Structures are given as C-alpha cells and as structure tokens.
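Residue-level structure breakdown
Letter by letter, the chains look like this.
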Amino acid sequence: MEKDLLSFSNDKLSVDFIKKLGVDTSEDILDKLILLYAENNSINVRREIVSSIGRQSNKDKIYIFIKDNIYNCGIMELVYQMFRTCLYNSNDDRFLSLQREILEYFDNEILYKMKAYYDYRHTTHSKKNIDKIKYPILLEGDNTKTLKKIKDQQVQLIFSSPPYYNARDYSVYTSYKSYMNMMKQTLVECYRVLEDGRFIIINVSPIITKRPGREFESTRYPIHFDFHKILEESGFYFVDEIIWIKPEYSVPNRVGGYHQTRQPLSYKPNCITESLLVYRKKVDFLLDKNISKYPKKFGINDSEKYDTTNCWYINPKSHKEHPAVFPDELCEKVLTYYSFPNDVVLDMFAGSGTFGRVALQMGRIPILCEQNKSYIEIIKQGYNYGNI
Ligand SMILES: C[S@@+](CC[C@H](N)C(=O)[O-])C[C@H]1O[C@@H](n2cnc3c(N)ncnc32)[C@H](O)[C@@H]1O
C-alpha cells in the first residue's frame, strides 16, 4: 500500500503519508523508512523520510543510517536534515563526533550556522543589563572617536549615508583605500553599539571622480559592492538591497553623448537609483527573539499603504546649506520597517540631521554624529540635543 502511494507523482501526498508513518516509532516502521529512503527518488519525499527516521527511537540504527548515507546522498538538503538529527542527539557521544566529522567533510556555511544556532539555544545566557538612552543626543566630531561614548548594544537601528568619496567638497580622503579603511573603522564601532540581531542600513551609490586631464579616464567606484565587504568584515550579514528610484529629470545627464552619436561603447545611462544596503548584526538566534522583546501588537503599522517590493520611488530633496540630504520619506520608511517606537536610532554621518528630525517626529530617540561645524549648527536649530 505504501509503495503505491509513494510512487504517486504527487510529492505532497507522499510527504503526508511519510509524516503519518513517522509518528509510529516501532522498530519495523524504522526498517520500513530506511527501505523507502533507498527506493525513493524525490528529494522532498526523501527529506521527509530522513526527518521521520530522526524521530525514531532506535539510536543505533539512526546513527548507522546517517553514517552510511550522508556522504553519498549528493543533495545538501538531505545532508542538512541528517545533520539536524545529529544535533538533536548531541547528548550521545557518537552523534557529537559525527557532527564534527560532517562539518569537517562538507565545510559548509549552513551546517556551521545550524550548529551555532543549536548550541546557542542549548546554552544558558545571562541577561545583560543595558542602560537605556532616554533622550536625543548629538555627538560632535569624528564618529570613530565620538561613538566610543555609546555603550555596547545601546542602539536598536542604524541608518546613514556616508560621505561621498571625493564627490563633494567635504571629502578629505587621500585614496579610495584610505576612504574604505575609515568607513570600516566607523562600522566596527557601529557593530559594537548595535543591539544583537538588529539592523544597519547604509545608503550608497556608485560615484565618479573627475578626470585629472582630457587624456585620462574618469574613475567610477562601485561603492555599494565594496561596502558589502567592510560590512561583512565588521560582523554584519547581508539581508536585502532596497533600490531608491528617483525621477530621471532629477539626476545628472550622462546619456547625452550617446543620444547624439548612438555609437556602440559610448553608452552611459542616466543613474536614477541609489542602494539601501540592509544588513543584520550577526547572532545565533532568529529575528523572532528581537521582536518578542516588545509587547504584542506594539508599533504595528496599521496603514493600508506599505511597500511590497524592494523598489522605493522617492523624489530627492535639496537643501540650501547641505549638498546631499535624505528625503524625509526615505527616513520614515526605514524607521517604520526597521524600528519600534521608543527605540534608540543612530545616524553616524548625520549631515543636516534629517534622520534625527524624522525619528523624533516618529517617537524614536535619535543619536546623531556629525563633524562639520556648519552642519552641526543646522542640526541644533532643529532640536535641543543633549550630550553624553
Ligand atoms: C552624505 S552626508 C549625510 C547627509 C544626511 N543624510 C542629511 O540628511 O543631511 C555625510 C555627512 O557625514 C559627515 N561626516 C563625514 N565623515 C565624518 C566623520 N568621520 N564623523 C562624523 N561625521 C562625518 C559629513 O560632514 C557629511 O555631513
């Protein structure tokens, strides 16, 4: 009967059947499952069989099954399922040493992550007492120094737009390498002050430097790609890339040359996008743990309108005293999707302080860092920030 069901082309039916079969932990069911594993070709069904085998009671047979099959099953999904069984039998030395063998053999990042998550869940963690910052703060000066005033994990969200490398007059970097090194120093501090498991969002886009002469080419820097590297090196992992899309009339015209000649290779499109790099502070627990710290339904966005895609269409904003400010709408979206009311939110390259102003309007507690005296004056005109 089970053979008929398992040869069904409909995987779902077979998976349901295996699930039911696996509830029974008698010896002959385990033998039957091992046989079915050998006879079946569907990955979904085999994965379910492995999962059901893992729930059986004869540990000796389970151990032999995994040892015999994990290295030659050829499908990582099945490897993960077998490794999961080893994790849940960590109280048995054989499974513990098998875990080590499997990790060494596959050297696979998902397996390492599974192990780290399992170990985290099965270790007692003492609750850290973190002083809550209760009022808005402005830190004046170089953020690689001023961020040191913030204690570990006092911040729940970071959103910032770093200075452009050589694109504007406030740039002071002698080379792209030194620019990236300085950005990394700031990110390392950001990692320290951000609460475990929370988000950092960096707004960047490629930039171009002027040609040093007509006989030389201008250089275009893929800043968003290079930020990926320094974000990862600082301890964050990639979650999403949100594309901020601007109207074409609002960006510099690059396509003019091609428009006139229509010559291949001379094509340079108008760039109407910027990236919002969404990363999370690396931890060995799920996001649910971060969410469950807040009361149920707290901070729920009850607006009918929300963004369903990673493309956000927002007009840029100009400011008479700052060359590159955030539009309020961009800050509103980031705060809505990535923070709760009363959270402490940081912009370490604050400029005119747009993010801080919007954060205050939305009931968050901003920390702003800025080193340029005239921009600091603009920030101060908006609100009476405190210091640490
Ligand atoms: C792109 S602007 C940010 C503009 C901002 N999003 C706004 O809405 O006004 C970057 C800012 O970072 C500041 N900055 C650059 N390096 C800094 C550093 N090491 N510490 C603090 N501020 C810095 C610059 O003075 C500049 O105002």
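Please read these numbers as outputs of a predicted model, since none were measured by experiment.

Definitions and cut-offs
The residue numbering used here restarts from 1 in each chain and proceeds along that chain's sequence as written. Per-residue local features are limited, in this predicted model, to residues with pLDDT of at least 70; the limit for side-chain atom pairs, both in listing and counting, is 80 or more; totals at the level of whole chains, interfaces and linings are taken over all residues. By convention in this description, side-chain values take in all heavy atoms of the structure and omit both hydrogens and water. Exposed residues in this analysis have more than 50% of their type's maximum accessible area, buried residues have under 20%, and partly exposed residues fall in between, with area computed by a 1.4 Å probe over protein chains only. Note on conventions: DSSP H or I runs of at least 4 residues are helices, E runs of at least 2 residues are strands, and numbering of each starts at the N terminus. Two strands form a pair only when DSSP identifies at least two bridges running between them. Aromatic pairing here means that ring centres of Phe, Tyr or Trp (its six-membered ring) are within 6.5 Å. Orientation follows from the plane angle: under 30 degrees is stacked, over 60 is edge-to-face, and everything else is tilted. As a reminder, the over-ring test applies to NZ of lysine and CZ of arginine, requiring each to be within 6 Å of the ring centre and within 35 degrees of the ring normal. Definition of a polar contact: a pair of N or O atoms within 3.5 Å, with one able to donate and the other able to accept a hydrogen when the atoms are protein atoms, and with sequence-neighbouring residues admitted only if both atoms are side-chain atoms. Any two residues whose heavy atoms approach within 4.5 Å at even a single point are treated as in contact. By convention in this text, a residue qualifies as near a molecule or strand provided that one of its non-hydrogen atoms is within 4 Å of it. The accessible surface values rely on the Shrake-Rupley method and a 1.4 Å probe; as for residues, cover is taken only from the protein chains in view.

It is worth spelling out the pairing of strand β2 (residues 155-160) at this point. In terms of burial, β2 is a largely internal element, 6 of the 6 residues being buried. Pairing of β2 with strand β9 (residues 344-347) involves 2 bridges; the strand directions are parallel. When the sheet's bridge partners are listed, L157 is paired in β9 with V345.

Our next topic: the packing of aromatic side chains. Taken as a whole, this structure holds 24 aromatic pairs when the rule is applied. An angle of 75° between the planes, with centres 5.5 Å apart, marks the rings of Y191 and F236 as edge-to-face. Pair noted here: Y191 is in helix α10 (residues 176-193) and F236 is in strand β6 (residues 236-245), with a separation of 45 residues, a long-range link. Relative accessible area serves as the criterion here: at 0%, F236 is assigned to the buried category. The structure contains a cluster of three or more aromatic residues connected by ring pairs, namely Y165, Y173, Y176, Y179 and Y221. One Lys or Arg, K113, reaches over the ring of Y237 and ends 5.0 Å from the middle of that ring. In this structure, K281 is placed above the aromatic ring of Y191, and the distance from its NZ or CZ to the ring centre is 4.5 Å.

Bringing the side chain of E274 into the picture now. Mapping E274 onto the fold places it in strand β7 (residues 273-281). Using a relative accessible area of 8% as the deciding quantity, one classes E274 as buried. For E274, the side chain forms a polar contact with the side chain of N203, separated by 3.0 Å. In this structure the side chain of E274 is engaged in a polar contact, spanning 2.5 Å, whose partner is the side chain of K246. Residue contacts for E274: discarding those within four places in its chain leaves Y164, N203, V204, S205, I242, I243, W244 and K246.

The ligand sits among 23 residues. The nearest are N143, F326, S352, T354 and E370. A distance of 3.0 Å separates a nitrogen atom of the ligand from a polar atom in the side chain of D142. Between the ligand and N143, the relevant distance is 2.9 Å, taken from a nitrogen atom to a main-chain nitrogen or oxygen of the residue. Protein contacts shield 97% of the accessible area of the ligand, which totals 610 Å² for the unbound molecule.

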